[in-house]
Amino acid sequence: MKHLVLAFTVTVAAVAMGSAALAQYLPKTFDIIEAEQAAGRKLFSDHCAICHTHVAGVRAYGPDLRGVVGRSAAATAGFPYSDALKKSGLTWTEETLRTWIADPAHLVPSTLMPHPAISDPAEQVYVVAYLKTLKAPARR
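For the structure given in this document, a descriptive report is provided here.

**Some words on the side chain of Arg-71**
Then comes step 1: Within the secondary structure, Arg-71 is located in the loop between helix H2 (32-47) and helix H3 (83-86).
Then comes step 2: It is Asp-64 that comes nearest to the buried, bridge-free Arg-71 among opposite-charge side chains, at 5.7 Å.
Then comes step 3: Here Arg-66 takes part through its backbone oxygen, which lies 3.0 Å from a polar atom of the side chain of Arg-71.
Then comes step 4: Once you skip the residues sitting within four places of it in the chain, Arg-71 turns out to touch Asp-64, Leu-65, Arg-66, Thr-76, Thr-91 and Trp-92.

Here it is as C-alpha cells:
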C-alpha cells in the first residue's frame, strides 16, 4: 500500500510539474472575439481582398469596406452599384452581411457582384467579425 501511495504521489507531482512547464507556452488569456477576427482577416484575404480594399487611398474593383457594418447598401460615394442594390433598401447589419456573404444574388437578384459565396456559417461569422474591425474613414 505504501508503494501505491508513493507511486500516486510521484505521478501527481510529475503531472503538476509538466503542466507548469507547458503553461509558459500558452497564452495567458484566450479571447474568442480576437480569434474570430483573425480567422475573418484570413478569409477576407483569401476571398474578398482581390476586389475590396480596406486601406485608405487604395482604389479597388469593389467598394471600400471600411465602416461597412451599419452602413446603408450602395452608399460608398462614386462607386457604380447595380440598380438592384441601390433600390434594395438594405442596411449592412451582421445578419444581412452573413446572408450576402452566403449568396449575394439570392439576397439581391441582379446584383453585379461576382462573389464566390462562403457557405460555411462559421466562416460567415468570422468575416463579419473582421469587417466590424474596419472603421469608417474620417469625414473631412
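**A word on helix H6 (residues 121-131)**
Then comes step 1: Along H6, the residues classified as buried are Gln-124, Val-127, Val-128, Ala-129, Tyr-130 and Leu-131.
Then comes step 2: Looking at the buried positions of H6, the neighbouring elements they touch are H2 and helix H4 (94-102).
Then comes step 3: At the N-terminal end of H6, a side-chain oxygen is found 2.8 Å from the backbone nitrogen of Ala-122, two or three residues along, and the residue is Asp-120.

**What to know about the packing of aromatic side chains**
Then comes step 1: Taken as a whole and assessed by the stated rule, the structure comprises 3 aromatic pairs.
Then comes step 2: Between the aromatic rings of Phe-44 and Tyr-130, the centroid separation amounts to 5.4 Å while the plane-to-plane angle is 55°, which identifies the pairing as tilted. Separated by 86 residues along the polypeptide, Phe-44 in helix H2 and Tyr-130 in helix H6 bring together distant segments of the chain.

**Let's talk about the side chain of Thr-111**
Then comes step 1: Along the chain, the position of Thr-111 falls in the loop between helix H5 (104-107) and H6.
Then comes step 2: By relative accessible area, which is 16% here, Thr-111 ends up buried.
Then comes step 3: Only 3.4 Å separates the side chain of Thr-111 from the backbone nitrogen of Met-113, close enough to count as a polar contact.
Then comes step 4: Contacts of Thr-111, omitting those with residues within four sequence positions, involve Ser-82, Ala-84, Trp-100, Pro-104 and Ala-105.

Rules behind the numbers
Residues numbered from 1 in each chain as written. Predicted model: local features only at pLDDT ≥ 70, side-chain atom pairs only at ≥ 80, totals over all residues. Heavy atoms only, no water. Helix = DSSP H or I, 4+ residues; strand = E, 2+ residues; numbered from the N terminus. Buried < 20%, exposed > 50% of the residue type's maximum accessible area, 1.4 Å probe, protein only. Lys, Arg positive; Asp, Glu negative; His and termini not counted. Salt bridge = Lys/Arg side-chain N within 4 Å of Asp/Glu carboxyl O. Polar contact = N/O pair within 3.5 Å; in protein donor to acceptor, adjacent residues only side chain to side chain. Contact = heavy atoms within 4.5 Å. Phe/Tyr/Trp six-rings, centres within 6.5 Å; stacked < 30°, edge-to-face > 60°.

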